[in-house]
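# Fold and geometry: a report
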Amino acid sequence: MDGVKSTQEVLHTKDQSLRHLSQEEVKKLIHQSNEAKKYSYSPYSKFRVGAALLTLDNRVFTGCNVENASSNLGVCAERNAIAKAVSEGCKDFRAIAIASDLSDKFISPCGGCRQVMREV
Ligand SMILES: O=c1ccn([C@H]2C[C@H](O)[C@@H](CO)O2)c(=O)[nH]1
Ligand SMILES: [Zn+2]
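A brief look at the structure comes next. Being a predicted model, the structure only gives us computed values, none of them experimental.

Criteria and cut-off values
Residues numbered from 1 in each chain as written. Chains lettered and ligands numbered in written order. Predicted model: local features only at pLDDT ≥ 70, side-chain atom pairs only at ≥ 80, totals over all residues. Heavy atoms only, no water. Near = heavy atom within 4 Å. Polar contact = N/O pair within 3.5 Å; in protein donor to acceptor, adjacent residues only side chain to side chain. Areas by Shrake-Rupley, 256 points an atom, 1.4 Å probe, with all protein chains shown as cover. Donors = N, O, S within 2.8 Å, 3.2 Å for Na, K, Ca; no water. Buried < 20%, exposed > 50% of the residue type's maximum accessible area, 1.4 Å probe, protein only. Salt bridge = Lys/Arg side-chain N within 4 Å of Asp/Glu carboxyl O. Helix = DSSP H or I, 4+ residues; strand = E, 2+ residues; numbered from the N terminus. Contact = heavy atoms within 4.5 Å.

### Some thoughts on the site of ligand 1
- For ligand 1, the full set of nearby residues is Ser 45, Phe 47, Val 49, Asn 65, Glu 67, Cys 76, Ala 77, Glu 78, Ile 107, Ser 108 and Pro 109.
- Within the side chain of Asn 65, one N or O atom sits 3.0 Å away from an oxygen atom of ligand 1.
- Contacts to ligand 1 include Ser 108, whose backbone N or O atom sits 3.5 Å from an oxygen atom.
- Across the complex, the protein chains shield 76% of the 370 Å² of accessible surface that ligand 1 would expose by itself.

### Examining the coordination of the zinc ion (ligand 2)
- The protein atoms donating to the zinc ion (ligand 2) are Cys 76 (SG), Cys 110 (SG) and Cys 113 (SG), with metal-donor distances spanning 2.2 to 2.3 Å.
- Positions of the donor residues of the zinc ion (ligand 2) along the chain correspond to the pattern C-x33-C-x2-C.
- On the accessibility criterion, Cys 110 (31% relative accessible area) is partly exposed.

### Observations regarding the pattern of salt bridges
- For the structure on display, the rule yields five salt bridges.
- With its nearest N and O atoms 2.8 Å apart, the salt bridge here joins Lys 38 to Glu 35.
- When the shortest N-O distance is used, the salt bridge between Arg 48 and Asp 101 registers 2.9 Å. Linking Arg 48 in the loop between α2 (23-37) and β1 (50-55) with Asp 101 in the loop between β3 (93-99) and α4 (111-119), this pair joins segments that are 53 residues apart in sequence.
- Judged by relative accessible area, Arg 48 falls into the partly exposed class, the value being 30%.
- Look at the salt bridges and you will find they share partners, linking Lys 37, Arg 48 and Asp 101 into a network.

### Examining the side chain of Thr 55
- Following the sequence through the fold, Thr 55 ends up in strand β1.
- Given the relative accessible area of 0%, Thr 55 is considered buried.
- Beyond its immediate sequence surroundings of up to four residues, Thr 55 is in contact with Phe 61, Cys 90, Asp 92, Phe 93 and Arg 94.

So, in structure tokens, the structure goes:
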């Protein structure tokens, strides 16, 4: 299919060894996702989310959730970070950290974000 990478191509371009993050890198990315969370616009759900996306060339794009009265126009933190990266020419990613205010459990991306992650 045009525009859709084959699995082989994805494995080729995203060398698995480059995906490994040191503990320091993980800590930094988590910190950046927490910082991004501060910009969350979430007056409806009151659920703040921040994301920090690390690219293969070690750039970081952050994003927060931005809601709207018309709820389907709201965008998740992950998708905002991905859109920022893609719109600056970065499509190869190493990792993403996602922060919420839940202290007792991890949050995981919604179906829409997973679909975008799968395709980009
Ligand atoms: O992984 C997630 C889960 C939820 N949200 C946002 C969407 C909505 O604005 C709010 C409540 O679901 O949190 C994210 O940004 N990322
Ligand atoms: Zn989502």
